[in-house]
Amino acid sequence: MIYASGKDYLAAPRKRVMLFGMSGLGKTHLANMLRDQGSWFHYSVDYRIGTRYMGEYIADNFKREAMKVPLLRELLMTDSVYIASNITFDNLAPLSTYLGKPGDPARGGVPFAEYMKRQEQHRQAEIAATLDTARFIERAEEIYGYPNFVCDTSGSICEVVEPDDPGDPVMRQLSDTLLLVWIKGSEAHTAELVRRFDRAPKPMYYQPNFLHAMWEEYRATHDVTEESCDPDHFVRWTYARALAHRQPRYAAMARWGVTVTAEEVSAVRTATGFDALIARALDRQV
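Scope of this entry: the structure provided in the associated data block. (Residues numbered from 1 in each chain as written. Predicted model: local features only at pLDDT ≥ 70, side-chain atom pairs only at ≥ 80, totals over all residues. Heavy atoms only, no water.)

1. Notes on the overall build of the chain
Right, on to step 1. Summing up its helical and strand segments, the chain has 14 helices and 5 strands in all.
Right, on to step 2. Relative to the globule expectation of 19 Å for 286 residues, the C-alpha radius of gyration of the chain, 20 Å, shows essentially globular dimensions.
Right, on to step 3. Seen through its principal axes, the chain has C-alpha atoms that stretch 60 × 50 × 35 Å.
Right, on to step 4. Considering the chain as a whole, with its 286 residues, one finds that 48% of them fall into the buried category.
Right, on to step 5. The long-range share in the chain, meaning contacts at least 24 apart out of those at least 6 apart in sequence, stands at 78%.
Right, on to step 6. Side-chain charges in the chain split into 34 positive and 38 negative, and the spacing between the mean points of these groups amounts to 3 Å. (Helix = DSSP H or I, 4+ residues; strand = E, 2+ residues; numbered from the N terminus. Rg over C-alpha atoms; globule rule 2.2 N^0.38 Å. Buried < 20%, exposed > 50% of the residue type's maximum accessible area, 1.4 Å probe, protein only. Contact = heavy atoms within 4.5 Å. Lys, Arg positive; Asp, Glu negative; His and termini not counted. Charge placed at Lys NZ, Arg CZ, Asp CG, Glu CD.)

Below, the structure written as structure tokens:
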């Protein structure tokens, strides 16, 4: 780890931290708070994915849909209108909409082969965006003068790294440049995340082997074909299983850094409080 103790971290003139864990446990909330208090640069991996690496895919998908409408087709063909996504740190809907859900097209689904193609695009984009962290640490200080840096990772980071491999290039680079901090949720947090997802199911990235297994099992147990599958029901059914699949992978990543609980995170109100939390987590490791 780049900090040997809590005292070492608190004394460091440049604090560099990466937050990871399940979506909905406070990564972006903490990162926004640190950024708003002035001395922290907030690097959002999801934002980088949606703008730098998948922005063209997203915009082209919008254009394909618009070309189905005669008026919009005519305007596009004459360069009279411009179509682009408006992704923000807090609104990643264009990215999740592009990823889509497999199943019945009449209910908003996409063919499974197309779905898997987009999943692979996301995997490559997430790896690239995560590796960009080191370059943005330099940019944040050289261009903007931020001494402190927080990387707000995608919830699916555990699916694109091999944390049990000491030579994994992504984990190696991250651990060499930042302090990795796992925000660990409880069973109650997991249950609440599942309830939230049931109310508003959204597309997400899954590890390919896991996703293929879920797709086969779901169709067999629910007696549906690809064309008759309810996309929302499939992703609802898969979500809790995905969280269980990710938990041990997050835990393996945590061995490269430190762990804080979601309860601890919810009590943090200031950058000073955040620093104190990280210092305590480091001292628990030694």
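2. A closer look at the nonpolar core
In globular proteins that are soluble, nonpolar side chains generally tend to be buried together.
Right, on to step 1. Core analysis: the largest hydrophobic core is formed by 81 residues, its most contacted members being Met-18, Phe-20, Phe-149 and Phe-274.
Right, on to step 2. Top contributing element to this core by residue count: helix H12 (residues 231-254), with 9 residues.
Right, on to step 3. When near neighbours in sequence (up to four residues on either side) are disregarded, Met-18 contacts Cys-151, Thr-153, Ile-157, Leu-174, Leu-178, Leu-179, Leu-180, Val-181 and Met-253. (Core = buried A, V, L, I, M, F, W, Y, C linked by side-chain atoms within 4.5 Å.)

3. Quick word on the packing of aromatic side chains
Right, on to step 1. Tallied over the entire structure, the rule returns 18 aromatic pairs.
Right, on to step 2. When the centroid spacing of 6.3 Å and the interplanar angle of 35° are considered together, the rings of Phe-20 and Tyr-250 count as tilted. Separated by 230 residues along the polypeptide, Phe-20 in strand S1 (residues 16-20) and Tyr-250 in helix H12 bring together distant segments of the chain. The same class applies to Phe-20 as to Tyr-250, namely buried.
Right, on to step 3. Ring geometry for Phe-112 against Trp-215: centres 4.7 Å apart, planes inclined by 5°, an arrangement best described as stacked. Taken together, the residues Phe-112 in helix H7 (residues 112-131) and Trp-215 in helix H11 (residues 208-222) connect sequence positions 103 residues apart.
Right, on to step 4. The rings of Phe-41, Tyr-43, Phe-136, Tyr-144, Tyr-146 and Phe-149 are connected pair by pair, giving a single aromatic cluster. (Phe/Tyr/Trp six-rings, centres within 6.5 Å; stacked < 30°, edge-to-face > 60°.)

4. Section: helix H8 (residues 133-142)
Side chains of residues three or four places apart in an α-helix project in the same direction, reflecting 3.6 residues per turn.
Right, on to step 1. Within H8 the residues assigned to the buried category are Thr-133, Phe-136, Ile-137 and Ala-140. All buried residues of H8 project into a common sector of 110° when viewed along the axis, lining one side. Turned more than 90 degrees away from the buried face of H8 sit Glu-138 and Glu-142, all of them exposed.
Right, on to step 2. Residues of H8 that are buried sit in contact with S1, strand S2 (40-44), helix H3 (45-53), H7, strand S3 (148-152) and helix H9 (169-177). (Arc of directions from axis to C-beta.)

5. Some points on the environment of Ala-140
Right, on to step 1. Among the structural elements, Ala-140 can be located in helix H8.
Right, on to step 2. Each C-alpha atom, one on Ala-140 and one on Trp-40, is 8.9 Å from the other, the two residues being 100 residues apart in sequence.
Right, on to step 3. Residues in contact with Ala-140, not counting those within four places in the same chain, are Phe-41, Gly-145, Tyr-146 and Phe-149.

6. Remarks on H12
Right, on to step 1. Here H12 contains 24 residues, and its C-alpha end-to-end distance of 33 Å stays within 8% of the 34 Å for a straight helix at 1.5 Å per residue.
Right, on to step 2. For H12, the N-terminal cap is Asp-230; the gap from its side-chain oxygen to the backbone nitrogen of Asp-232 is 3.1 Å. (Expected span 1.5 Å × (residues − 1). Polar contact = N/O pair within 3.5 Å; in protein donor to acceptor, adjacent residues only side chain to side chain.)

7. Description of the pairing of strand S4 (residues 179-184)
Right, on to step 1. Across the 6 residues of S4, 5 count as buried, placing the element largely inside the fold.
Right, on to step 2. Here S1 pairs with S4 via 4 bridges, running parallel. Paired with Phe-20 across the bridge in S4 is Trp-182.
Right, on to step 3. Pairing between S4 and strand S5 (residues 258-261): 4 bridges, direction parallel. (Pairing = 2+ DSSP bridges.)

Shape descriptors only; they carry no functional weight alone.
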